[in-house]
Amino acid sequence: MIERERPLLANSLWEATANQALPRRHLEESLTVDTAIVGAGFAGLSCALHLAERGLKPVVIEARTPGWGASGRNGGQVIPGLKEDPDTIEKLYGPEMGGRMVRISGEGPSLVFDLIRRYGIECDLQDNGWIQAAHDSSALDLLARRAEQWQRRGAKIEHLSKSETARLIGTGAYAGGTLDRRGGSVHPLNYALGLAAAVRSLGVDIYSDSPAESLEKTGQGFLIKTPHGEVRAKQVALCTNGYTDHLWPGLAKTVVPFRSIQVATKPLSENVRRSIFPEGHVSSDTRRLLNYFRLDATGRLLMGGRGGFTDAGLRARFSVLKHVTHRLFPQIGEVEWEHAWGGLVAMTQDHFPHLNEPAPGLHAALGFNGRGVAMATALGKVLAERLAGKAVEDLDFPVTQPNRIPFYGLRKPAVTSLVVWYGLRDRLGF
Ligand SMILES: Cc1cc2nc3c(=O)[nH]c(=O)nc-3n(C[C@H](O)[C@H](O)[C@H](O)COP(=O)(O)OP(=O)(O)OC[C@H]3O[C@@H](n4cnc5c(N)ncnc54)[C@H](O)[C@@H]3O)c2cc1C
């Protein structure tokens, strides 16, 4: 899966503007450790960092380089909350656990911003809010209900009229929106590289170019083999999200990997730039097949949206995104497009991320449903608490058994039909 997905990273804005990464080092020894973490995205790095802050010394094994997966390719929108609204979460999980889930998901952005500040991570942090833009009046009602639920829990969310939304985003295409002051944005790859540097600064080794090729249960724990080395660990955390392979039987079938893609213009002229996100917010809309958009630190306009299951038809999908950008922001005129790239998000059937324990001592955090900048960081921290010995019932997120998606072999036609259905509903507004 990792190889097949590679072309998507070819022309990433974030790669082109990344800070210098730490020197790469692959695993060529035989290590014995307490904890091994597989995957160096936000989840794995946050887990490693929070373990290291407790004085523990895990190792991190990454198939490529830190941030190579979705963490280094995303829209960089730091969004509070889960896909479901707070009342629904508390109804589903009960007031105690549901309440904790609501709290950590709402505080996810502040955890990200705090780590960035504490470790001096240079990643173009903007923490002045995320706008959710309503594509029609019923979506505006939904946003009002959502905002009311969060406001009851003390969150700072403002309602935006159609004209305020138009001014703060730079397009009159939306019926209105909400400005959630808890959110913001980062340069995602630089955030991941900064987390990796912070992890290393606390004495934890991260091995790049070291794919875990096998994972076996042993008498004392687990044995992970990489092409040139191996790790024996009492406990293992799999933080592989949309890039989950067949390392542990069945885990890959708990998520559906789906491409999300982005395009970016050249830096806009000062004049045009002033009309788009004049106060430095970022935004995504309420469509089921949503678009997400923002400026980067040098004034490039980015537009993101759905990709597909394979790289086939990618060029056409990039063109659709450019067309959407011109429709929303006609003021950009004949602009030059500089970057087009994408990566894999991991969708789950219940739209929640999952903390799983597929076997005693084996842990997984995955399924961020395209919303993992804050949430993967937050669950990485919860995972660290679990690995450091916290009881399941005391965690801020439920631990569940891996739940294979039924009829997994039919996921492509099933999701393709769903995409067509969602597109129709977005267009016709029902
Ligand atoms: C185009 C795009 C736009 C997005 N936009 C946003 C956004 O604006 N806001 C938001 O909140 N979320 C967004 N997301 C989602 C967000 O990026 C993810 O939820 C988050 O990065 C997941 O982090 P992670 O650490 O779980 O996984 P990843 O970052 O995907 O990391 C998994 C890592 O595991 C490694 N790996 C896999 N298998 C192995 C193995 N066998 N051995 C060793 N290593 C292995 C991979 O190489 C990879 O580096 C977006 C995603 C994409 C793709």
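Before reading further, recall that the structure is shown in the block above.
First, a word on scope: everything that follows refers to the structure included in this document. Predicted model only: the values in this text are computed from it and were never measured.

Looking at the site of the ligand
Line of reasoning, step 1. Near the ligand there are 37 residues, and of these Glu-62, Ser-71, Gln-77, Ala-212 and Val-373 occur at the shortest range.
Line of reasoning, step 2. Here Asp-245 contributes a side-chain N or O atom positioned 3.0 Å from a nitrogen atom of the ligand.
Line of reasoning, step 3. Contact with the protein chains removes 99% of the 1,000 Å² of surface that the ligand exposes when unbound.
Line of reasoning, step 4. Sorting the residues of the shell around the ligand by element identifies helix H3 (42-53), strand E12 (256-265), strand E16 (337-347) and helix H11 (373-387) as the ones contributing at least two each.
Line of reasoning, step 5. The greatest single-element share of the shell around the ligand, amounting to three residues, is contributed by E16.

A look at the sheet that holds E16
Line of reasoning, step 1. If you trace the eight strands from one edge of the open sheet to the other, you get E5-E6-E4-E13-E14-E15-E12-E16, paired in mixed fashion. Taken across any chain shown, the strands that pair with only one partner, and hence form the sheet edges, are strand E5 (157-160) and E16. Averaged over neighbouring strand pairs, the angle between their axes works out to 20° when direction is ignored.
Line of reasoning, step 2. Relative to strand E6 (residues 176-180), strand E4 (residues 130-134) is paired through five bridges, and the arrangement is antiparallel. For Trp-130, the partnering residue across the bridge sits in E6 and is Asp-180.
Line of reasoning, step 3. Across the sheet, helix H10 (residues 314-328) is in contact with E12, strand E14 (292-295), strand E15 (301-306) and E16; its angle to E12 comes to roughly 50°.

Overview of empty space enclosed by the protein
Line of reasoning, step 1. Considering all chains together, one arrives at three cavities of 30 Å³ or more under this definition.
Line of reasoning, step 2. Taken as a whole, the largest cavity spans an internal volume of roughly 140 Å³.
Line of reasoning, step 3. As for the largest cavity, its lining consists of 18 residues, and the residues nearest its centre are Trp-130, Gln-132, Arg-146, Trp-150 and Asp-180.
Line of reasoning, step 4. Mapped onto the lining of the largest cavity, the elements with two or more residues apiece are E4, helix H6 (137-152) and E6.
Line of reasoning, step 5. Partitioning the lining of the largest cavity into residue classes produces eight nonpolar, three polar and seven charged.
Line of reasoning, step 6. Its boundaries defined by the atoms lining it, the second largest cavity holds a volume of some 50 Å³.
Line of reasoning, step 7. If you trace the second largest cavity, you find it lined by Gly-81, Leu-82, Lys-83, His-351, Pro-353, Phe-368, Asn-369, Arg-371 and Met-375.
Line of reasoning, step 8. Within the lining of the second largest cavity, the residues separate by chemical class into four nonpolar, three polar and two charged.

Looking at the pattern of salt bridges
Working definition: two side chains of opposite charge can pair if their charged atoms are close together.
Line of reasoning, step 1. Applying the stated criterion across every chain yields a total of 27 salt bridges.
Line of reasoning, step 2. Arg-153 is the partner of Asp-87 in a salt bridge, and the nearest nitrogen-oxygen pair spans 2.9 Å. On the criterion of sequence distance, the pair formed by Asp-87 in helix H4 (residues 86-106) and Arg-153 in the loop between H6 and E5 is long-range, its members being 66 residues apart.
Line of reasoning, step 3. Note on Arg-153: relative accessible area 30%, which makes it partly exposed.
Line of reasoning, step 4. Arg-300 is the salt-bridge partner of Glu-338, the closest N and O atoms lying 2.7 Å from each other. Residue Glu-338 is found in strand E16, and its partner Arg-300 is found in the loop between E14 and E15; the two are separated by 38 residues along the sequence.
Line of reasoning, step 5. Residue classification places Arg-300 among the buried residues on the basis of a relative accessible area of 11%.

A word on the pairing of strand E17 (residues 354-359)
Line of reasoning, step 1. Counting buried positions along E17 gives six out of six residues, so the element sits mostly inside the fold.
Line of reasoning, step 2. Pairing between E17 and strand E19 (residues 399-400): two bridges, direction parallel. Bridge assignment links Leu-355 to a residue of E19, and that residue is Val-399.

Some details on the packing of aromatic side chains
Line of reasoning, step 1. All told, the structure shown has eight aromatic pairs when counted by the stated rule.
Line of reasoning, step 2. Aromatic pair Phe-42 and Tyr-191: ring centres 4.9 Å apart, planes at 40°, arrangement tilted. In this pair, Phe-42 is assigned in helix H3 and Tyr-191 in helix H8 (residues 188-201), connecting sequence segments 149 residues apart. In this pair, the class of Phe-42 matches that of Tyr-191, namely buried.
Line of reasoning, step 3. The interplanar angle of 75° and the centroid separation of 5.2 Å between the aromatic rings of Tyr-93 and Phe-352 together place this pair among those described as edge-to-face. Taken as a pair, Tyr-93 in helix H4 and Phe-352 in the loop between E16 and E17 lie far apart in primary sequence, 259 residues in all.
Line of reasoning, step 4. Classification of Tyr-93 by relative accessible area gives partly exposed; the value is 28%.
Line of reasoning, step 5. Lying over the aromatic face of Trp-68, Arg-73 brings its terminal NZ or CZ to 4.5 Å of the ring centre.

Cut-offs and rules
- Residues numbered from 1 in each chain as written.
- Predicted model: local features only at pLDDT ≥ 70, side-chain atom pairs only at ≥ 80, totals over all residues.
- Heavy atoms only, no water.
- Near = heavy atom within 4 Å.
- Polar contact = N/O pair within 3.5 Å; in protein donor to acceptor, adjacent residues only side chain to side chain.
- Areas by Shrake-Rupley, 256 points an atom, 1.4 Å probe, with all protein chains shown as cover.
- Helix = DSSP H or I, 4+ residues; strand = E, 2+ residues; numbered from the N terminus.
- Pairing = 2+ DSSP bridges.
- Axes fitted to C-alpha atoms, helices over the stretch in contact; angles between N-to-C directions.
- Contact = heavy atoms within 4.5 Å.
- 1 Å grid on protein atoms, 1.4 Å probe; cavity = no way out; pocket = protein on both sides within 12 Å on 5 of 7 lines; lining within 4 Å.
- Points joined across faces, edges and corners; volume = space filled by probe spheres on them.
- Nonpolar A, V, L, I, M, F, W, Y, C, P; charged D, E, K, R; others polar.
- Salt bridge = Lys/Arg side-chain N within 4 Å of Asp/Glu carboxyl O.
- Buried < 20%, exposed > 50% of the residue type's maximum accessible area, 1.4 Å probe, protein only.
- Phe/Tyr/Trp six-rings, centres within 6.5 Å; stacked < 30°, edge-to-face > 60°.
- Lys NZ or Arg CZ within 6 Å of the ring centre and 35° of its normal.

Read these as spatial facts, not as claims about activity.
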